[in-house]
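Listed below are the residues making up each chain.
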Amino acid sequence: MGIRFRNVSHEYSSYTKKTYKAIQDINLSIEGTNEFIALVGHTGSGKSTLAKHMNALMFPTDGSVEIFGSEVTKKRNKKIKYNDLRRQVGLVFQFPEYQLFEETVEKDIMFGPLNFKVDSEKAKTLAREALSLVGLDDSYLNRNPFNLSGGEKKRVSIAGILAIDPKVLVLDEPTSGLDPYGRQVLMNLFSDIHKKTNKSIIIITHDMDLVYRYFKRVIVLKDGELTFDGTPDKLFQSDIIEQNHLDLPNTVKALKQLNEKLNLNLDVYQKTPEAAAKEVRRVMKHE
Amino acid sequence: MNMIDVQNVSFAYSEEKLTLNDVSFSIKKGEWIAILGHNGSGKSTLAKTLVGLLEPQSGEIHINSTRLTEETAFDLRKKVGIVFQNPDNQFVGVTVRDDIAFGMENLCVPREEMLSRIDFYAKKVGVEEYLDKQPSNLSGGQKQRVAIAGILAMRSDILIFDEATSMLDPYTRNDLIHYIKTLNKEGFTVIMITHDVNEAILADKIMIMKHGEIVAFDQTETILKDKSVFLENHLELPVALEIANLVEDEEIRRILWEYVSET
Amino acid sequence: MNSIIIGQYIPGNGFFYKLDPRTKIIAIFFLMISVFMLQTIVQLLIAIGIAVVILLIGRISLFKVVRGLKPIFILLVFTFIFQIALNTEGTVLSTATMHFNLYSIISAVLIFVLWRILLRFGKFKILLFLAFAFALYFNFRYITFQPDFYFFQLTIYEKGVEMSVFVVLRLLIIITLTTVLTLTTKPTDLTQGLERLMHPLKKIGFNSEDFALIISISLRYIPTIFDEAQKIMAAQASRGADFSEGKLKDKLKQIISLLVPMFIIAFMRSEELADAMESRNFVPGEKRTRINILRFSIIDIYTGLFTLACFAGTILVKVML
């Protein structure tokens, strides 16, 4: 079980009659548990389109997406309840402003479970659990979501999806617009949720530092095509990174610079500044 | 000569809390200042007082030796242009041409003059191909460039960027920041409000704000050496400098500093 | 979502595109008055003939104009039926008893189902509808197996037919005229044209410039807001809000879940936009120069003369006949 993309394409057509393929011939397999995947690529590479196919918000114009046993194709199948697929795969959008609408945090988080016909008592429990998963305590339950800070809103919006208890959680650029410190705090949170619940988590991001430091698997899209699917180590140590016009992590770039300027022989593939500093000290001791 | 002089400025949205608390500083012509701080530190409020969108309850702001008041705001705003965070919420025109013209229309610039300025500044910021395009056909980065062209066309010489890059992807953001760097080299005074140290590092001077007060304001290189300011304010140093701090070797520090300030 | 056409404007560069929007608005105003002064079907047919010739000269595809008629097709049909049913003057053209019995109702249902099925494949939807209407008429008229649950006399008078044709033709011309306007004029030009025409109203306290600015900013934000609505719907759909199914009570909640974020974002946007405009020295009601200006050219004069001729012609016809 999980999500399987089989030769999936999505073609947009507009009134000017120019059509273009947002994603093209994607083959991809995502397990229903224990995945921690980064989805990277430039703006317009089709990342968001791909994500929307994962919970049947979009239908392929070609090929098929199997979502936990249900086959989603161009044609609507009356036997499939597409709404129920969204209970298996939760999608969190970039701006919490797009989803918060209730007068209290509790009611807002309960919106999802109630839509899926969970009874009200159970929905309350789910809301509480989801809120604690995103690192907010019960005192937030009765607060107005619109009076929260940006970061808190983001957490509440993530809790709103977690309360549905999806098997797979997809987040569209959750760290964009945050400062580096906020980005790390949020990434630690996702990493925690992943460890605690074993849910598969897929995160769309531009930040190569985060990709290198946190993820088990990276999927790269370029102009709608899947150009890489593997570990971050493999990605950053090959020339695939240049072919896709992607950046190297900052640790690697800094160490490469030192190698060049000081003629050192540092192993540049270090994931954190601490590891990088250790490597520099190790090599300098030898000299 | 001081381009901007801020003396003991305080501002409060409500009675309970001062958003700006007795802020004083000055900026020289042609300088590039980065104002760093988290949300709620008062940095955006400061920017709004500098263009006269908000009037401080106490203190004075002088721009080019003229005091900013309700009466002088219209004239001083010709000198100070501001680009906001959300590219969509500052695009007034139906097309790129209309949007660049908007500020000039308000200044009653004659039409012939407007047309020639639009051509000139559209070319300057690199949007000359899109003059007839509508905002929905532009990327975020292109919209921000249009906003820059709009204020340049008003002949502003102080440019304020209020988190103008925070909604862009890293690649577009880099492009825009390098463009801002070029503008600064041409002589424009730049004030860049940001929460990203990686951006602030390109400025001549960095100001760090917290709870409406200035906690540090100095040359960029000096400020970056003071680790405690960054730690206390939860500001993350650029990775290369963090490595330099951990290694504690002068040579390494010098090379990494050069590397960071170049890119 | 690349771009959404606002209104019905279709880019092009025929004769009507080159006209000043003010000319078009004034011309259409006077032509409409002329149409209302015409009194017989023959006069209207001549007017239609002239209209078609103008459309051909302006190289506007008749097909597009007909497509523009689609939304008001039902209105036309109802007007037609009302006129026929309510008018009881003149000689009787036909009279027939309409029978409502078990068989005629069953076959009416069958005809209805057949029509819906054909509708899915057929391209000529309007023709199909007419065929459906005639089939119903013959159905109730000729399936006469007793007993009738209900029956009535459908009498069609000469005057009724005449009036219905007349009214429908008149509506057709008026709609065609406005379609030409919206088809060939950018919404921004249209507002600017209206602004200039309403400029004299300043004396009674109506500021047409501010009004035009409000309209043009609204036009600029329609695609943005539309795009946003789609994103919000996607976000709420991910939380199980199914906008297509569900009970009425659930649906209400789902609509609220769409509207609240839309309003909150719109509110934030208006504040930011106001700041952006003020920082670029916009002061409401103050004098501004304009980048977009309207200029009359020689073709505007021709159009004006033509309109005048049409107007004078109809007055002449009305007085003489």
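Residues numbered from 1 in each chain as written. Chains lettered and ligands numbered in written order. Predicted model: local features only at pLDDT ≥ 70, side-chain atom pairs only at ≥ 80, totals over all residues. Heavy atoms only, no water.

S.K.: Can you tell me about the overall build of chain A, naming the residues and giving the values?
M.R.: Broken down by element type, chain A carries 11 helices and 10 strands. Over its C-alpha atoms chain A spans a radius of gyration of 21 Å, differing by no more than 12% from the 19 Å that the globule rule assigns to 287 residues. Here the C-alpha coordinates of chain A stretch approximately 70 × 50 × 35 Å along the principal axes. For chain A, the residues scored as buried account for 57% of the 287 residues in total. Across chain A, the fraction of contacts at a sequence separation of at least 24, relative to all contacts at a separation of at least 6, is 62%. Within the structure as shown, chain A displays about 12,600 Å² of accessible surface, and the carbon and sulfur contribution to it stands at 45%. Distance between charge centroids for chain A: 4 Å, based on 42 positive and 38 negative side chains. (Helix = DSSP H or I, 4+ residues; strand = E, 2+ residues; numbered from the N terminus. Rg over C-alpha atoms; globule rule 2.2 N^0.38 Å. Buried < 20%, exposed > 50% of the residue type's maximum accessible area, 1.4 Å probe, protein only. Contact = heavy atoms within 4.5 Å. Areas by Shrake-Rupley, 256 points an atom, 1.4 Å probe, with all protein chains shown as cover. Lys, Arg positive; Asp, Glu negative; His and termini not counted. Charge placed at Lys NZ, Arg CZ, Asp CG, Glu CD.)

S.K.: A description of the overall build of chain C should follow, citing residues and the corresponding values.
M.R.: For chain C, the count of helices and strands is 12 helices and two strands. Each helix and strand of chain C, ordered N terminal to C terminal, gives the series α-α-α-α-α-β-α-α-β-α-α-α-α-α. At 26 Å, chain C has a C-alpha radius of gyration far larger than the 20 Å of a compact globule built from 321 residues. With the C-alpha coordinates aligned to their principal axes, the bounding extent of chain C is approximately 80 × 70 × 35 Å. Between the centroid of the 32 positive side chains of chain C and the centroid of its 20 negative side chains there is a distance of 6 Å.

S.K.: Explain the interface of chain A and chain C to me, and be specific about the residues and the numbers.
M.R.: By convention, interface size is frequently given as the accessible area that disappears when the constituent parts associate. Counting residues at the interface gives 24 residues for chain A, matched by 25 residues for chain C. Taking both sides of the interface into account, the surface hidden between chain A and chain C amounts to around 2,200 Å²; carbon and sulfur atoms contribute 63%. For Lys253 of chain C, the salt bridge identified is with Glu102 of chain A, shortest N-O distance 2.8 Å. Across the chain A-chain C interface, the total number found is seven residue pairs in polar contact (both at pLDDT 80 or more). Looking at the side of chain A that touches chain C, the elements with two or more residues in it are helix 2 (82-88), helix 3 (105-115) and helix 5 (150-162) of chain A. In terms of residues, the side of chain A that touches chain C owes the most to one element, helix 3 of chain A, which gives four residues. Considering only residue class, the side of chain A that touches chain C consists of 12 nonpolar, seven polar and five charged. (Buried area = accessible area lost by both parts, 1.4 Å probe. Salt bridge = Lys/Arg side-chain N within 4 Å of Asp/Glu carboxyl O. Polar contact = N/O pair within 3.5 Å; in protein donor to acceptor, adjacent residues only side chain to side chain. Nonpolar A, V, L, I, M, F, W, Y, C, P; charged D, E, K, R; others polar.)

S.K.: For unusual backbone geometry, give the residues involved together with the corresponding values.
M.R.: Residue and element names in this part refer to chain B. Here the phi dihedral of Asn64 falls at roughly 55°; this positive angle occurs in a residue that is not glycine. Along the chain, Asn64 falls in the loop between strand 4 (58-63) and strand 5 (66-67). The backbone of His211 shows a phi angle near 45°, a positive value even though the residue is not glycine. You can see His211 is positioned in the loop between strand 9 (205-210) and strand 10 (213-219). The class for His211 is exposed, based on a relative accessible area of 62%.

S.K.: How would you explain helix 10 (residues 250-262) of chain A if you had to name every residue and give the values?
M.R.: Counted at 1.5 Å a residue, the expected span for helix 10 of chain A with its 13 residues is 18 Å, and the 18 Å between its end C-alpha atoms agrees. Turning to helix 10 of chain A, its buried residues number three or more, namely Thr251, Val252, Ala254, Leu255, Gln257, Leu258 and Asn259 of chain A. Turning to helix 10 of chain A, the residues buried within the fold contact helix 7 (208-214) and helix 11 (273-286) of chain A together with helix 10 (239-247) and helix 11 (250-262) of chain B. Positive backbone phi, at 55°, marks Asn263 of chain A, one or two positions downstream of helix 10 of chain A. (Expected span 1.5 Å × (residues − 1).)

S.K.: Go over the confidence of the model for chain C with me, naming the residues and quoting the values.
M.R.: Residues and elements named next belong to chain C. The predicted model of chain C has a mean per-residue pLDDT of 84, with 96% of residues at 70 or higher. Predicted confidence in chain C is weakest over helix 4 (residues 62-69), with a mean pLDDT of 73, and strongest over helix 2 (residues 21-37), with 91. Of the regions scoring below 50 in pLDDT, residues 1-6 engages in 15 contacts with residues more than four places distant in sequence or in other chains. (pLDDT = per-residue confidence, 0-100.)

S.K.: Explain the domain arrangement of chain A to me, and be specific about the residues and the numbers.
M.R.: Residue and element names in this part refer to chain A. Looking at the assigned domains, one finds that chain A contains domain 1 (2-247) and domain 2 (249-287). Centre-to-centre separation of domain 1 and domain 2, based on C-alpha positions: 34 Å. Facing the eight residues of domain 1 at the interface are 10 residues of domain 2. Between domain 1 and domain 2 the total buried area reaches about 860 Å² when both faces are included, carbon and sulfur atoms providing 57% of it. (Domains from an automatic or database assignment.)

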